[in-house]
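So you can see what is in the structure, the chains are spelled out below.
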Amino acid sequence: MEKFTLKMMSFIKSKWDVLFAVVAAAFAAISLPSDAVCSVSTELIAFFGIQSAIILPAMIFTAGILKPNGLELNDARRYHKALKQQMLFWVTLLVLDFIAVAFLIIGKGFEWLLLLPLWPTDQTIDLSRIFNFLIFGVGFLAVVRTFPFIRGVISLLDLNAEMTINAIKRRNKDESSARRSELGKENLDLPTGYGELAEKD
């Protein structure tokens, strides 16, 4: 029982944003009218579009940040693993933005009204509130994950600075070693007989 509780706590801690998104989506679908976002749909589309435009440069920067200068093999593998996880986060956030915009466009296209006919009867089921569920769920996730996005950009800055410092240290170390090696190989041209004892008559 204790292990199950710990697993559940760990799951909730790691997926809290998804759980809150589901709760927010369910609340919106139940309590709000189907056209609740109709008046702000254009602004929401612009917001998610701007967020996507910000994410794309971060993805390009992440893909090209890893350079061989100043890196050991183990460091390169460790950085690659961390950068891959960061890239997956960027891609997920970008996909969420695209899905949110797609749901908003579909909702506007259907004029926030979705009726499903029950064949062979003449009755229909009103599924219009599904727009609220989808838009609020995906939109909540995209907005909440904006804060980890900011932390991710700062971590990339720290990583780039660390790699630059390591590269400078390695270059200085190599230059110092090369200097000592050159000094050790230099032969002084001394006059003939220098250091010999003078013979006295």
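Residues numbered from 1 in each chain as written. Predicted model: local features only at pLDDT ≥ 70, side-chain atom pairs only at ≥ 80, totals over all residues. Heavy atoms only, no water.

Chemist: What is the right way to look at the overall build of the protein in this model?
Modeler: For the protein, the count of helices and strands is 6 helices and 2 strands. The order of α-helices and β-strands along the protein, N terminus first, is α-α-α-α-β-β-α-α. Of the roughly 14900 Å² of accessible surface on the protein, a fraction of 66% belongs to carbon and sulfur atoms. (Helix = DSSP H or I, 4+ residues; strand = E, 2+ residues; numbered from the N terminus. Areas by Shrake-Rupley, 256 points an atom, 1.4 Å probe, with all protein chains shown as cover.)

Chemist: I would appreciate a short explanation of the nonpolar core in the present structure.
Modeler: Side chains of a nonpolar character, in soluble globular proteins, are inclined to be buried together. Core analysis: the biggest nonpolar cluster contains 27 residues, and Ile-55, Trp-90 and Phe-149 have the highest contact counts within it. Counting only elements with at least two residues in this core, the list comes to helix H3 (41–64), helix H4 (73–109), helix H5 (130–144) and helix H6 (146–185). Top contributing element to this core by residue count: H4, with 10 residues. Residue contacts for Ile-55: discarding those within four places in its chain leaves Trp-90, Leu-93, Leu-94, Asp-97 and Phe-149. (Core = buried A, V, L, I, M, F, W, Y, C linked by side-chain atoms within 4.5 Å. Buried < 20%, exposed > 50% of the residue type's maximum accessible area, 1.4 Å probe, protein only. Contact = heavy atoms within 4.5 Å.)

Chemist: Would you take a moment to explain unusual backbone geometry for this structure?
Modeler: For residues besides glycine, phi is generally negative; the peptide bonds are generally trans as well. The phi angle at Glu-111 is positive, at roughly 55°, despite the residue not being glycine. Tracing the backbone shows Glu-111 in the loop between H4 and strand E1 (115–117). Judged by its relative accessible area of 64%, Glu-111 is exposed. Even without being a glycine, Trp-112 presents a positive backbone phi close to 60°. Here Trp-112 shows up in the loop between H4 and E1.

Chemist: For this particular structure, what's the right way to read the pattern of salt bridges?
Modeler: Close approach of charged atoms lets side chains of opposite charge pair. Tallied over the full model, the rule gives 1 salt bridge. Here Arg-145 ties to Asp-17 by a salt bridge, and the two come within 2.8 Å at their closest N and O atoms. Placement of Arg-145 in the loop between H5 and H6 and of Asp-17 in helix H2 (residues 16–31) is noted, with a sequence separation of 128 residues between them. Assigned by exposure class, Arg-145 and Asp-17 land together as buried. (Salt bridge = Lys/Arg side-chain N within 4 Å of Asp/Glu carboxyl O.)

Chemist: Before we go on, may I ask you to explain the confidence of the model for the protein in this structure?
Modeler: The predicted structure's coordinates, where accompanied by low pLDDT, should not be read in detail. Averaged over every residue, the pLDDT of the protein is 81; the share at 70 or more is 84%. When the elements of the protein are averaged for pLDDT, helix H1 (residues 2–14) gives the smallest value, 68, and H5 the largest, 92. (pLDDT = per-residue confidence, 0-100.)

Chemist: When you look at the environment of Glu-162 in this model, what are you seeing that I'm missing?
Modeler: Mapping Glu-162 onto the fold places it in helix H6. Glu-162 has contacts with Arg-78 and Tyr-79, leaving out every residue within four places of it along the chain.

Chemist: Sorry, what's going on with the environment of Arg-145 here?
Modeler: Exposure remark for Arg-145: the relative accessible area of 17% places this residue in the buried category. Through-space distance from the C-alpha of Arg-145 to that of Leu-96 is 9.8 Å; in sequence the pair is 49 residues apart. Discounting chain neighbours no more than four positions away, the residues touching Arg-145 are Asp-17, Val-18, Phe-89, Thr-92, Leu-93 and Leu-96.

Chemist: How should the packing of H4 against H5 be read in this particular structure?
Modeler: Two measures define how a pair of helices packs: the angle their axes make with one another and the distance between the axes. For the pair H4 and H5, interaxial distance at closest approach is 9 Å and the crossing angle is 155°. With respect to each other, H4 and H5 are oriented roughly antiparallel. Judged by the sense of rotation from one axis to the other, the crossing of H4 with H5 is left-handed. Counting all contacts with H4, which are made through Leu-93, Leu-96, Asp-97, Ile-99, Ala-100, Phe-103, Leu-104, Ile-106 and Gly-107, the residues of H5 involved are Phe-131, Leu-134, Ile-135, Val-138, Leu-141 and Ala-142. Residues that form the contact of H4 with H5 fall into these classes: 13 nonpolar, 1 polar and 1 charged. (Axes fitted to C-alpha atoms, helices over the stretch in contact; angles between N-to-C directions. Parallel < 35°, antiparallel > 145°, perpendicular 65-115°, else oblique. Left-handed = near helix turned anticlockwise from the far one by under 90°. Nonpolar A, V, L, I, M, F, W, Y, C, P; charged D, E, K, R; others polar.)

Chemist: I'm lost on the packing of aromatic side chains in this one. Help?
Modeler: Geometry of an aromatic ring pair is reported as the spacing of the ring centres plus the angle between the planes. Within the structure shown, the criterion is met by 6 aromatic pairs. Both rings, one in Phe-47 and one in Phe-48, keep their centres 5.3 Å apart while their planes meet at 70°; by these two values the pair is edge-to-face. Among the residues examined, Phe-47 registers a relative accessible area of 38% and is labelled partly exposed. Geometrically, the ring pair formed by Phe-89 and Trp-90 is edge-to-face, given 5.7 Å between the ring centres and 65° between the ring planes. Cluster of aromatic residues (ring-pair linked, three or more members): Phe-89, Trp-90 and Phe-149. (Phe/Tyr/Trp six-rings, centres within 6.5 Å; stacked < 30°, edge-to-face > 60°.)

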